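Below are the chains, spelled out letter by letter.
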Amino acid sequence: MTDATATHGPDGLLLAADGTPLKTKLRESMRASRMRAFGLVLPLLLFVMASFIIPIMMLLWTGVYNATYAVNMPASAPLMQAWDGSSEPTEAMAEAMVADLIAARKAKTIGKVASRVNRELSGTRSLFTKTARRAAKMEAPFMATLVDRDKDWADVETWRAIKTAATSLTPAYYAAAVDAKYTATGDFEMQGEERQIHLKLFWKTIWVSGAVMFACLFLGYPVAYLLAHLPAKRANLLMILVLLPFWTSLLVRTTAWIAMLQSQGVLNDIFVWIGITGDDQRFSLIYNMTGTLIAMTHILLPFMILPIYSVMRAIPPSHVRAAKSLGATNSTAFWRVYFPATIPGIGAGGLLVFILSIGYYITPALVGGQDGQLISNFIAYHMQKSLNWSLAAALGGILLAIVLILYWLYDRIVGIDNMKLG
Amino acid sequence: MELPPYATLGQKIWHYAFYAICGLIFLFLITPILIIAPLSFNAEPYFSFTEGMLSFEKEAFSTRWYNDILINGMADPEQPRSWALFWEWLWMALSPAHIAPQGFFTDMWENAQWVRAMKNSFFIGFFATLIATALGTLAAIGLSRAEMPYRGAIMSLLISPLIVPLVITAAGMFYFYSQVGLSQTYPGVILAHAALGTPFVIITVTATLVGFDKSLVRAGASMGAGPAKTFWKIQMPLILPGVVSGGLFAFITSFDEVVAVLFLAGPEHRTIPRQMYSGIREQISPTILAVATILVIISICLLVTMEMLRRRGERLRGIRS
């Protein structure tokens, strides 16, 4: 049979019906189907970009860029940036400062500027608002007038704080997020041991996540083992006990733990009834770290059980039987043959639990009390209460970096495609 | 898990001890969820069992907290109510004229805090699910084609809303949405919830597509059906269980989500979890337990639905367990 479509060209290439080489034709068709596949993904990609990625990027940008001072104090900002931070502040700087203070007071932005500088050196808020109120009447020489009004203006530290605030693109917030101070001369100094709140908080968060991960592993592994080795009918029935908490609202479970753990709660009542403790000295199990740990372990336990269970289901029972027939005792067969085969499941579950718990917010906020607060609660505090968005962004940036490294690890070890639900 | 007949005493002890340990862990998992149901019928405003409840006295139990869900926030909860009035109200409200009579049920529908939270939750959840399911299903179909370029990178990007700590997501959205005027609006919350729900849709639909026989689409195409027709007539019915369970996941994500609502929603957009959050923080009353009990019942229904969908999906794709 002669093939009418596939003929040979002058240089020996296969040609398609319209005379173009078959290779080109194939490449075109492949490109078209690639574009079609990409076209299906594109709407979601754009949506996730616009509603999720770009907002986070914008927030992270405020962690290194804060133009509050530069925008509201346009005359003095370039002078302050040019100043070397160690020589005597000049008359030109003072003149620009007074002009800016008058303008900022008129534009009602003085409060913003004052709090921005106050973050660099506490006490400067009132200095700014007070001086701005009288700035309109000030005359040359401005430096002398400023110092005459408030002797803090003679302090070079004040001017250094202003210089730091006037620099818009600054590593100061990231430095603050790891308890260092970025000085006007461009150096980093660590804060004293007792003022290192953020580092302590990061370590506490990592410690809590690790503790929750191990608690979930110790509680989840036996349950997964039981579920994987029971006959399917009974296993499915018991699986409901794992899946029901998984499907129940986070707030419902947190509420339930408040009812369980509070000092007049179910658990303490049982303890008193059994006689473990007296009625007047009930355990404080909630609104502290204990409550956070218990509630988080309960909430994240299904995320540990499900991956381990699915790995265990795939292990052929003949492996353990073979080990035993070769003379292994029960514990040797388990630890040398069975357990190593379940490590992928432990890795998947452990990483997932760790990633989820490191960013936990609601449960610590509701049952954590004072000492059960984690880094997320601090980010929310700076976003909503202290309104120091740049610091919140810097703390968030560090947290996000940790999570993304773990996510990358998860992808390498487990593969995102293997993420399963329920 | 059968104990062999030749098991030693130590093995027997270990065997039963293992069962006992697992039993305790199951108890840990399920007790908190079951305990709220009896507690929600407490006649006293406490979060714990009273003496009367433990000795099963009739007066110690009441449904006052369920009643409180309906009337809390109403202008005048003392108005007469009955089933007859309810049906009349429903009939009037659903009639084309939309003239609801004044009275208990109108007051409840308009003013009761929990009823409003429920309306918000369903409204936001519905639209977030719609967006997430539509976009997520399309993307999952694209992602499971072999010729998809940069598959791994795009997949990890699209799954990332599941991984990134909610506080960072919510803070970023709060910062960005307030600049474009979406903060404290319904569209803002809906967009946020849709973004958080899409990873679930992608994961479930991709899992369904793994077992999908592509020659069925080719067979349809060879018989003259266009791409749209093969999609709706062949592919969609087969992956529907995955799409529906992805949609359910997206809905429950929105229905349960509180961090984004805390950051993005105004007081008039309060959802049920948001209302519970402030309930726990401010005035802790057993009304929350009553709401929690209702939510547990809803999640049991969802669990059953999911299980049925999973079985149906496996049957359709010819997988036998």
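Residues numbered from 1 in each chain as written. Chains lettered and ligands numbered in written order. Predicted model: local features only at pLDDT ≥ 70, side-chain atom pairs only at ≥ 80, totals over all residues.

(A) Here's a closer look at the overall build of chain A. The secondary structure content of chain A amounts to 19 helices and four strands. In terms of C-alpha radius of gyration, chain A reaches 32 Å, well past the compact-globule figure of 22 Å for 422 residues. Expressed along its principal axes, the backbone C-alpha trace of chain A runs to roughly 100 × 95 × 40 Å. When burial is assessed residue by residue, chain A has 41% of its 422 residues classed as buried. Long-range pairs, those at least 24 residues apart, make up 64% of the contacts in chain A with a sequence separation of at least 6. (Helix = DSSP H or I, 4+ residues; strand = E, 2+ residues; numbered from the N terminus. Rg over C-alpha atoms; globule rule 2.2 N^0.38 Å. Buried ≥ 20, exposed ≤ 12 C-beta atoms within 10 Å, placed from the backbone. Contact = placed C-beta atoms within 7 Å.)

(B) Summary view of the overall build of chain B. Within chain B, the secondary structure is distributed over 14 helices and zero strands. Listing every helix and strand of chain B by position from the N terminus yields α-α-α-α-α-α-α-α-α-α-α-α-α-α. Taking 321 residues into account, the globule formula puts the C-alpha radius of gyration at 20 Å, and chain B, at 25 Å, lies well above it. Referenced to the eigenvectors of the C-alpha coordinate spread, the extents of chain B come out at roughly 75 × 70 × 45 Å. Classification of the 321 residues of chain B by burial places 41% in the buried group. The contacts in chain B between residues at least 6 apart in sequence include a share of 73% that link residues at least 24 apart.

(C) Layout of the packing of helix α16 (residues 330–358) of chain A against helix α19 (residues 389–413) of chain A. Residue and element names in this part refer to chain A. Interhelical geometry of α16 versus α19 gives an angle of 165° and a closest axis separation of 10 Å. Relative to α19, the element α16 is oriented roughly antiparallel. Here α16 and α19 pass one another in a crossing that is left-handed. Contacts between α16 and α19 involve Gly347, Leu351, Phe354, Ile355 and Ile358 from the first element and Ile402, Val403, Leu406, Tyr407, Leu409, Tyr410 and Ile413 from the second. Class assignment of the residues belonging to the contact of α16 with α19 gives a composition of eleven nonpolar, one polar and no charged. (Axes fitted to C-alpha atoms, helices over the stretch in contact; angles between N-to-C directions. Parallel < 35°, antiparallel > 145°, perpendicular 65-115°, else oblique. Left-handed = near helix turned anticlockwise from the far one by under 90°. Nonpolar A, V, L, I, M, F, W, Y, C, P; charged D, E, K, R; others polar.)

(D) View of the domain arrangement of chain A. Taken as a whole, chain A is organised into domain 1 (7–54), domain 2 (69–167) and domain 3 (197–418). Its C-alpha centre places domain 1 of chain A at a distance of 61 Å from the equivalent point of domain 2 of chain A. (Domains from an automatic or database assignment.)

(E) View of the domain arrangement of chain B. Split by domain assignment, chain B resolves into domain 1 (82–109) and domain 2 (113–284). Centre-to-centre separation of domain 1 of chain B and domain 2 of chain B, based on C-alpha positions: 34 Å.

(F) Molecular detail of the interface of chain B and chain A. Between chain B and chain A, the contact holds 77 residues from the first and 73 residues from the second. Secondary-structure elements contributing two or more residues to the side of chain B that touches chain A are α1 (9–39), α6 (113–143), α7 (151–159), α8 (166–179), α9 (186–210), α11 (227–256), α13 (272–281) and α14 (287–316) of chain B. Broken down by element, the side of chain B that touches chain A gets its largest block of residues, 13 residues, from α1(B). Considering only residue class, the side of chain B that touches chain A consists of 64 nonpolar, nine polar and four charged.

(G) Fine view of the packing of helix α5 (residues 110–120) of chain A against helix α8 (residues 156–166) of chain A. Residues and elements named next belong to chain A. Put simply, α5 and α8 touch, their axes get as near as 8 Å, and they point 115° apart. By the angle between their axes, α5 is roughly perpendicular relative to α8. Remark: the crossing between α5 and α8 carries right-handed chirality. In contact with Arg116, Val117 and Glu120 of α5, α8 contributes Ala161, Ile162, Thr164 and Ala165. Class assignment of the residues belonging to the contact of α5 with α8 gives a composition of four nonpolar, one polar and two charged.

(H) Broad picture of the environment of B:Ala194. All names here are of chain B. With respect to the helices and strands, Ala194 occurs in helix α9. In this structure Ala194 comes out as buried when scored by C-beta crowding, with 30 C-beta atoms within 10 Å. Counting along the chain gives 68 residues from Ala194 to Phe126, while the straight-line C-alpha distance between them is 9.8 Å. The residues contacting Ala194, other than those within four sequence positions of it, are Ala128, Ile131 and Ala132.

(I) Spatial organisation of the environment of B:Trp65. All names here are of chain B. For Trp65, the position within the fold is in helix α3 (residues 64–71). Residue Trp65 is classed as buried on the basis of its C-beta count, with 22 C-beta atoms lying within 10 Å. The sequence separation of Trp65 and Ala84 amounts to 19 residues, and the corresponding C-alpha distance is 23 Å. Beyond its immediate stretch of four places on either side in the chain, Trp65 contacts Ser40, Pro286, Thr287, Leu289 and Ala290.

(J) Structural detail: α1(B). Helix length check: α1(B), at 31 residues, gives a terminal C-alpha distance of 43 Å against a target of 45 Å (1.5 Å per residue), a fit within 8%. Of all the bends in α1(B), the greatest, near 40°, is centred on B:Thr31, and the proline B:Pro32 appears no more than four residues after it. Among the residues of α1(B), those classed as buried are B:Ile25, B:Leu29, B:Pro32, B:Ile33, B:Ile36 and B:Leu39. Lining the buried residues of α1(B) we find α10 (197–229), α11 (232–247), α12 (250–261) and α14 (289–313) of chain A together with α14 of chain B. (Expected span 1.5 Å × (residues − 1). Bend = angle between axes of the 7 residues up to and from the residue.)

(K) Quick look at the confidence of the model for chain B. With 97% of its residues at a pLDDT of 70 or more, chain B has an overall mean of 86. Reported confidence for the predicted complex is 0.86 by ipTM and 0.87 by pTM. (pLDDT = per-residue confidence, 0-100.)

(L) Expanded view of the nonpolar core. In terms of nonpolar packing, the biggest core is built from 170 residues, with A:Leu300, A:Val353, B:Ala170, B:Ala171, B:Val259, B:Ala260 and B:Leu264 touching the most fellow members. Here this core gets 14 residues from one element, more than from any other, and that element is α14(A). (Core = buried A, V, L, I, M, F, W, Y, C linked by C-beta atoms within 7 Å.)

(M) Structural detail: the confidence of the model for chain A. All names here are of chain A. Residues with a pLDDT of 70 or more make up 96% of chain A, whose mean pLDDT is 87. Strand β1 (residues 7–8) is the least confidently modelled element of chain A, averaging 68 in pLDDT, while α10 averages 94, the highest of any element. Within the model, pLDDT remains below 50 along residues 1–5, and this stretch shows two contacts once partners closer than five positions in the same chain are excluded.

(N) Representation of helix α18 (residues 375–384) of chain A. Within α18(A), seven of the ten residues are buried, which leaves the element mostly enclosed by the surrounding structure. Every buried residue of α18(A) is listed here: A:Ile375, A:Ser376, A:Phe378, A:Ile379, A:Ala380, A:His382 and A:Met383. Close packing links the buried residues of α18(A) with α10 and α19 of chain A together with α8 of chain B.

(O) Spotlight on unusual backbone geometry. Positive phi outside glycine occurs at A:Lys108, with the angle close to 60°. If you check the backbone angles, B:Tyr150 has positive phi at about 50° while not being a glycine. Assignment of secondary structure puts B:Tyr150 in the loop between α6 and α7.

(P) Inspection of the environment of B:Ile21 at higher detail. Among the secondary structure elements, B:Ile21 is positioned in helix α1. B:Ile21 gets classed as partly exposed once you count the C-beta atoms within 10 Å, which come to 14.

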